Every structure is written in C-alpha cells, then in structure tokens.
Amino acid sequence: MLLHQVKLPHFKHSAESETVKLPMPDKVVISMAQHLGAPCTPTVKVGDKVKIGDVIGSSEAAMSAPVHSSISGTVTAITDVLHISGRYMQSVVIENDGLEQISDSVCPPTVENREQFLQAVRNSGSIGLGGAGFPTSLKLGFDPKEKQPDFLIINGAECEPYITSDYRCFMEEGEDVLEGVLLMLKYLGIPKCVIGIEKNKPKAIEKMTRLCEKHDNITVKPLKSSYPQGAEKTLIFSTTGRVVKEGTLPIASGCIVVNSSTAAFIAQYIRTGMPLVKRRITVDGNIVKKPSNFIVPVGMSIGEIVYYAELSDKPDRIILGGPMMGACAFDPDYPLSKTNNAVLMFADSPVYEPSDCIRCGKCVKACSMNLLPTELEHAFDMRDARQLEKLKVNLCVNCGACSFVCPAKRNLAEKNQLAKAFLRERSTRKGK
C-alpha cells in the first residue's frame, strides 16, 4: 500500500504553554448531542438543583454516552440550540451557584473484570477526545468470541496545525495515559500496545518512552510528521503495517485505536469517579495574542474561553477543531462540547473562487486512501451513484488534503462528503 500524505505548516504556537484551568462560567449550555450516535434525553427539569458530575442526559442506545453537569447550580431552561451540524438539539442551561459542589455519585467505580470496566467507561460519559466523538464504551465493547484484537493503538499523532491539547496531555498527564493503556490491556485482554506520536513532538516521545520502558508489551513509535497521520486507517498502517479493508472497522484488522487524551481520562475516571465534565482545549489563530491550552468545563461559551487568550481583532472565521477537518462555528456564544479540542480564531480569512481543473494530478498524489478526487467530483456532479461506488468514495476519510493542494481551489473534499450523503440517501430510499 502506497501511503500518500502531505506536508502542512505546524503552527504549534501553544506547544510549550502549560495548561491553565479557567474560572467557572456564570452558566453553561450543555447539548444532549455530545457524541456520534443517538443524542441523550434530558433527565432533569427546569428548577432542578444539580452538582458537578450529576447525570443530566442519558440514552439506552448502544451508540451513546451519558451527559453530566459540569457546574453546580440550577437548571434554568431546556431548549433547542442550533448545533454545529446545522440541526437543532436539546440543550440544558444551568446557572452557576458558585459553590462548585461535587455530586454524591462521584466516587471511584468498582472494577474487577471486563464487564465492570466497560460499564465504568460507559458511565463516565467517555467519548473519543481527538474530535471524532465515538462513544468509547462501544469501541471497547467488542465481542472477543467474534474478534479479539491483538493491538491497542494510542493516537498521539495530532497532525493538524495549531492543535497541541494531546501533546500537553502527554507532557502533563503522561502517567495517566500509561495507566489508561494498562487498564485497557488488562480488562480487554489485548496483548500489545503501540503509542504513535509524530516526530515533531520529541519531548512527548522521550517522556512516554521513559514511562513505558518497563513494559515490554508497550511500544512508543515515532511517526513521520505528515498529514493525515492521525487518521485511523493511516495510523494503523503506520504503526502495524495492516490495512483496514473497505467497509470494515479497525477491529477487523486486529486493532483498536484510542486517542491519548481518552486513555488518560479513563485512568482518571477509574481513580476518582469524576465523569467527563471538562476537557483540555487549544486556543490559537492569527488574531490570538496568547496561544494557550485551557481546561474548560463542557458547555462554556467560545467567547468566554477565548477572552483569556486575548484577541487582537474581531474574528471573521471561528473554527472548532483543526483547520483541515474542523467545522466553522456560526456564533461566538456557541457552547463547547466534549468533542471540541481546539478553538481557532482568524481575521482576514482568504476567500477563493474555484476555477477549472487543470488536470495536474496533485489531489491524487495527496490522497491518503489512493482515491481519484477529480473523478469523484465529476461523478457526484453527474449524480452517478454507480461510478461513485466504483471509485470507492466511502473510503474518503474527509481529511481535506485534496482541496488543500488543489491549485484551482476546487471544493474536492466537500464534494466527497456530499457524495457520501447522496449515496446514503439513495440507499435509504431504496430500502423503503
């Protein structure tokens, strides 16, 4: 397999900025859609008193994770808020009482076997903290009778520009990352672990190598600093040489991939019982005077967060996540969710008008999945479902590399996502 990747400017301005815990906000707005899968249903009502760690939303769906209060106070509203996906989602508004009271339910869980471990991970509200937001309990809850993975892969690549939250996790909570790895190996019966870290983070590589030197079954693997090194399928190939086939999950190739910050959180939850109510977030961009990493309660507004990083101008673009795969926020008061690992603020953002394709082939050379972006674009424009399937559009990992290298500034990555949605809608219509 030929691994195509691109070189991006790193812009890791906040790499050596130690994480700062921000003061609690006056209120939080906590969406019930904090992960991929089924949104939760509020378990509280207006007027209820809540404490930090109380469950405020839950779902019986397998692909879900409970939502907890990040502050103590009073529920003042349950309302629909426009989500980053463009859909309105139920959200719980909590006014801070300033007491920072911890819920009586917050205590270390009893974990003595696989079932108890998986239940603890579910109760913690854990999701993939690298940005994808896949419920961790579902990812780890494989049936060992059907397929037992032999590799746990820790994703510490952090290949997007600007973002350094995972790097700071390694530097400040490396012991927790290791403890999370050991817990997953123990209770899931996985024999080996590879921690993948890009070579542009030598201090993290050195620290984790030192921490893991007594564990023969854990390897720290320095990875080429290229994009999209952190994409799940790319990471699996880079660390194990294995290929995830079309239409299959990583476990089919014997691998489970977990983000480094997620691994650290699992260890912290097993030790303390405090669910996922806060997270580390990078704030950067060309109008940010103090690129920073902050610990922020879930539901705090973007505007309040970036205030502490000091802006030099009014932003014309706000990106949640990285510039390659992140989503543009439409409101500076948009509340932080569990999946947000960065807020990037920009002014004077360039706006490009696409021109005709010049058939240079740069997008083909950039595609990590060896696809043909220009042909996919043409097939979508023609609404040719058969050709889209033949060209394997569903293998696209939405990394954006094709659009990044295109000299004609064509919206190739966007067309791929529209094409996948087109195929899903067509399949749904056929099934009716």
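See above for the structure.
Note that the structure is predicted; figures quoted are calculated from it, not measured.

**Side note on the overall build of the chain**
- Of regular secondary structure, the chain possesses 12 helices and 17 strands.
- Its C-alpha atoms give the chain a radius of gyration of 21 Å, within 12% of the compact-globule value 22 Å for 432 residues.
- Overall, the C-alpha framework of the chain stretches about 60 × 50 × 50 Å when taken along its three principal axes.
- Counting the 432 residues in the chain, one finds 54% classified as buried.
- Considering only residue pairs separated by 6 or more positions, the chain has 73% of its internal contacts joining residues 24 or more positions apart.
- Approximately 19600 Å² of the chain is accessible, and the part contributed by carbon and sulfur atoms is 52%.
- Seen as two clouds, the 52 positive and the 47 negative side-chain charges of the chain have centres 7 Å apart.

**Side note on the sheet that holds strand 11 (residues 218-223)**
- One open sheet holds the 4 strands; their spatial order is 11-10-9-12, and the pairing between them is parallel. Strands with a single pairing partner mark the edges of an open sheet, and in this sheet they are strand 11 and strand 12 (255-259). If you compare each strand with its neighbour and ignore which way they point, the axes differ by 25 degrees on average.
- Across the sheet, helix 3 (residues 165-188) is in contact with strand 9 (151-156), strand 10 (192-198), strand 11 and strand 12; its angle to strand 9 comes to roughly 170 degrees.
- Where helix 6 (residues 260-272) meets the sheet, its contacts fall on strand 9 and strand 12, and the angle it forms with strand 12 comes to roughly 80 degrees.

**Digging into a negative patch on the surface**
- A surface patch of like charges, here negative, comprises Asp26, Glu95, Glu304, Asp331 and Asp333.
- Its location among the elements puts Glu95 in strand 8 (residues 88-96).

**Description of the pattern of salt bridges**
- One pass over the structure, following the stated rule, counts 18 salt bridges.
- The partner of Asp381 in a salt bridge is Lys415, and the shortest N-O contact between them spans 3.0 Å. Linking Asp381 in helix 9 (residues 373-381) with Lys415 in helix 12 (residues 412-431), this pair joins segments that are 34 residues apart in sequence.

**Re the pairing of strand 10**
- Counting buried residues in strand 10 gives 6 out of 7 residues, a clear majority hidden from the surface.
- Between strand 9 and its parallel partner strand 10, the chain crosses via helix 3, and the hand of that crossover is right-handed.
- Bridge count for strand 10 against strand 11 is 6 bridges, and the pairing is parallel. Bridge pairing links Cys193 to Ile218 in strand 11.
- For the handedness criterion, the β-α-β arrangement of strand 10, helix 4 (residues 202-212) and strand 11 is classed as right-handed.

**Side note on the nonpolar core**
- In terms of nonpolar packing, the biggest core is built from 46 residues, with Phe117, Leu140, Leu152, Ile154, Met184, Ile195 and Met208 touching the most fellow members.
- Counting residues per element, the ones that place at least two in this core are helix 1 (114-123), strand 9, helix 3, strand 10, helix 4, strand 11, strand 12 and helix 6.
- Per element, the largest residue contribution to this core is 11 residues, and it comes from helix 3.
- Beyond its immediate sequence surroundings of up to four residues, Met184 is in contact with Phe117, Leu140, Leu152, Ile154, Gly189, Val258, Ala263 and Ile266.
- Membership of the second largest hydrophobic core comes to 20 residues, among which are Ile281, Ala309, Tyr334 and Ala347.

Calculation notes
- Residues numbered from 1 in each chain as written.
- Predicted model: local features only at pLDDT ≥ 70, side-chain atom pairs only at ≥ 80, totals over all residues.
- Heavy atoms only, no water.
- Helix = DSSP H or I, 4+ residues; strand = E, 2+ residues; numbered from the N terminus.
- Rg over C-alpha atoms; globule rule 2.2 N^0.38 Å.
- Buried < 20%, exposed > 50% of the residue type's maximum accessible area, 1.4 Å probe, protein only.
- Contact = heavy atoms within 4.5 Å.
- Areas by Shrake-Rupley, 256 points an atom, 1.4 Å probe, with all protein chains shown as cover.
- Lys, Arg positive; Asp, Glu negative; His and termini not counted.
- Charge placed at Lys NZ, Arg CZ, Asp CG, Glu CD.
- Pairing = 2+ DSSP bridges.
- Axes fitted to C-alpha atoms, helices over the stretch in contact; angles between N-to-C directions.
- Patch = residues over 30% accessible without salt bridge, like charges linked within 9 Å, V, L, I, M, F, W, Y side chains within 5 Å.
- Salt bridge = Lys/Arg side-chain N within 4 Å of Asp/Glu carboxyl O.
- Right-handed = clockwise from strand over helix to strand, strands pointing away.
- Core = buried A, V, L, I, M, F, W, Y, C linked by side-chain atoms within 4.5 Å.

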